Amino acid sequence: KKLRRHMPVDVKLLSEDQLCHEETPNGKYLPKAMVKKFKRTNVLQMIRVDPEDIVRMHPSTLENFRVTGLTLTERRAVYTHLKDLGPKWESTKADKMTERKWTWFK
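Residues numbered from 1 in each chain as written. Predicted model: local features only at pLDDT ≥ 70, side-chain atom pairs only at ≥ 80, totals over all residues. Heavy atoms only, no water.

> Mind showing me how you'd approach the pattern of salt bridges here?
Should their charged atoms come close, side chains of opposite charge can pair. For the structure on display, the rule yields 5 salt bridges. For the salt bridge of Glu63 with Arg100, the shortest nitrogen-to-oxygen distance reads 2.9 Å. Here Glu63 is found in helix 5 (residues 59-63), whereas its partner Arg100 is found in helix 8 (residues 96-105), with 37 residues between them in sequence. (Salt bridge = Lys/Arg side-chain N within 4 Å of Asp/Glu carboxyl O. Helix = DSSP H or I, 4+ residues; strand = E, 2+ residues; numbered from the N terminus.)

> Sorry if this is basic, but what is going on with the packing of aromatic side chains here?
Each aromatic ring pair is described using two quantities: the centre-to-centre distance and the angle formed by the ring planes. Tallied over the full model, the rule gives 4 aromatic pairs. Measuring from centroid to centroid gives 5.6 Å for Tyr79 and Phe105, while their planes differ by 20°, and the two rings are stacked. Pair noted here: Tyr79 is in helix 6 (residues 72-82) and Phe105 is in helix 8, with a separation of 26 residues, a long-range link. Tyr79 gets classed as partly exposed once you look at its relative accessible area, which sits at 48%. The buried category is assigned to Phe105, whose relative accessible area is 16%. Relative to Phe105, the ring of Trp89 has its centre 6.1 Å away and its plane inclined at 75°; by these criteria the two rings are edge-to-face. One end of the pair, Trp89, is in helix 7 (residues 85-91); the other, Phe105, is in helix 8, with 16 residues separating them in the sequence. Chaining the aromatic ring pairs together yields one cluster made of Tyr79, Trp89, Trp102 and Phe105. (Phe/Tyr/Trp six-rings, centres within 6.5 Å; stacked < 30°, edge-to-face > 60°. Buried < 20%, exposed > 50% of the residue type's maximum accessible area, 1.4 Å probe, protein only.)

So, in structure tokens, the structure goes:
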């Protein structure tokens, strides 16, 4: 929740420079380090994607997300956002594509 609170909804569309100079609702600006993390660690951008859209994603899209270098808080944010999808993917593991999604989720 804390991480998502800092991330703008349209983070995918904005450049690093635009994110640094965009005022947040509390009147402050995002630190340059946080902006770089949002843009370069693309798995964090998934926090702003509807889970139903994630279900329809191809497994290779999920496998190509960069997950190295995440802090514990960031990993928890991603997991919390996807925790309802895990059981769905596990129950339909018979399908090869869904099995790849389940493997990525684990």
